[in-house]
Amino acid sequence: MREVDVLGVRVEMPTNNPIVLLRERDGGRYLPIWIGAAEAAAITYAQQGVVPPRPLTHDLMRDVLAVLGHELTEVRIVALKDSVFHAALIVDGKAEISSRASDAIALALRTGAKVLVDGAILDEAAIVVSSEEDDEVEKFKEFLDHVSAEDFEKPEGGGDEPQRPQS
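All of the points below concern the structure found in this document. Because the structure is a prediction, the values reported are computed rather than measured.

Looking at the overall build of the protein
Moving on, step 1. What the protein contains, in helices and strands, is five helices and eight strands.
Moving on, step 2. Starting at the N terminus, the α and β elements of the protein follow one another as β-β-β-α-α-β-β-β-α-β-α-β-α.
Moving on, step 3. Counting all 167 residues of the protein, 44% fall into the buried class.
Moving on, step 4. Restricting to contacts in the protein with at least 6 residues of sequence separation, those with at least 24 account for 62%.
Moving on, step 5. Split by element, the accessible area of the protein, about 9,000 Å² in all, is 50% carbon and sulfur.

Structural notes on the environment of Ala88
Moving on, step 1. Inspection of the secondary structure assignment puts Ala88 in strand S5 (residues 84–91).
Moving on, step 2. Setting aside residues up to four positions removed in sequence, Ala88 forms contacts with Glu74, Val75, Arg76, Val78, Glu96 and Ile97.

What to know about the pairing of strand S1 (residues 2–12)
Note on strand geometry: in a regular strand, side chains alternate between the two faces of the sheet.
Moving on, step 1. Relative to strand S7 (residues 114–117), S1 runs antiparallel, the two being bridged by three bridges. Counterpart to Val4 in the pairing with S7 is Val115.
Moving on, step 2. Relative to strand S2 (residues 17–24), S1 runs antiparallel, the two being bridged by eight bridges. Paired with Val9 across the bridge in S2 is Val20.

Let's talk about the nonpolar core
Side chains of a nonpolar character, in soluble globular proteins, are inclined to be buried together.
Moving on, step 1. Grouped together as the largest cluster of nonpolar side chains are 33 residues, with contacts concentrated most on Val20, Leu22, Leu31, Ile33 and Phe85.
Moving on, step 2. Take this core: its biggest share by element is six residues, from helix H3 (residues 101–111).
Moving on, step 3. Non-local contacts of Leu22, meaning those with residues more than four positions away in its chain, are made with Val4, Asp5, Val6, Arg29, Tyr30, Leu31, Ile33, Ile105 and Val117.

Looking at the sheet that holds strand S6 (residues 95–100)
Moving on, step 1. Here eight strands make up an open sheet; going across it, the order is S6-S5-S4-S7-S1-S2-S3-S8 and the pairing mixed. Whereas interior strands pair on both sides, the edge strands pair on one side only; in this sheet they are S6 and strand S8 (127–128).
Moving on, step 2. Strands S1, S2 and S6 of the sheet are contacted by helix H1 (residues 37–48), whose axis makes an angle of about 120° with S1.

Here we look at the pairing of S5
Moving on, step 1. With six of its eight residues buried, S5 lies for the most part within the structure.
Moving on, step 2. Two strands pair when backbone bridges link them, and strand S4 (residues 72–81) and S5 are joined in this way by eight bridges, in the antiparallel orientation. Note on S5: the bridge partner recorded for Ala79 is His86.
Moving on, step 3. Joining the antiparallel neighbours S4 and S5 is a turn of two residues, in which Asp82 adopts a positive phi near 50°.
Moving on, step 4. Alignment of S5 against S6, held across six bridges, turns out to be antiparallel. Bridge pairing in S6 places Ala87 opposite Ser99.
Moving on, step 5. Between S5 and the antiparallel strand that follows it, S6, lie three residues; Asp92 among them carries a positive phi value of about 55°.

Remarks on the pattern of salt bridges
Moving on, step 1. Going through the model one piece at a time under the given rule, you end up with 12 salt bridges.
Moving on, step 2. Its salt-bridge partner being Arg23, residue Asp5 comes within 3.6 Å of it at the nearest N-O pair. Taken together, the positions of Asp5 in strand S1 and Arg23 in strand S2 put the pair 18 residues apart, joining distant regions of the chain.

Analysis parameters
- Residues numbered from 1 in each chain as written.
- Predicted model: local features only at pLDDT ≥ 70, side-chain atom pairs only at ≥ 80, totals over all residues.
- Heavy atoms only, no water.
- Helix = DSSP H or I, 4+ residues; strand = E, 2+ residues; numbered from the N terminus.
- Buried < 20%, exposed > 50% of the residue type's maximum accessible area, 1.4 Å probe, protein only.
- Contact = heavy atoms within 4.5 Å.
- Areas by Shrake-Rupley, 256 points an atom, 1.4 Å probe, with all protein chains shown as cover.
- Pairing = 2+ DSSP bridges.
- Core = buried A, V, L, I, M, F, W, Y, C linked by side-chain atoms within 4.5 Å.
- Axes fitted to C-alpha atoms, helices over the stretch in contact; angles between N-to-C directions.
- Salt bridge = Lys/Arg side-chain N within 4 Å of Asp/Glu carboxyl O.

Structure below.
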């Protein structure tokens, strides 16, 4: 398992589908995961420190774990099946709960848990950013500084969307 940083959410053009971008902490690979609009908003809220007037689903899960005396110790992206990422929530270092990758990431951001990705998934689906493309990554980071969760709100439900083919 390789630890990753959650760089943030952006909208892929021209499809307007949101993606969450993960960066390998001790390497140069980036893992884009296509997600639903609701999950994009949840991740963006967490990164921006937005506190809603009433708890959202991921806030509720964090609070339930805390009240019951448990801790989300890490999140693992464990599989890529049929172009869909699968994750596991690791509670108290031992209990494993199946999860969608986007929900796991949103919860990890709220609890401070590490996000890990199986090395085979990085080998299969990650992209390596060359030094020329590094400018694009910096532009993406700048974009993240100016995006808000409302930019991702739309009426339809969502889930982890299939990963787009890599070129």
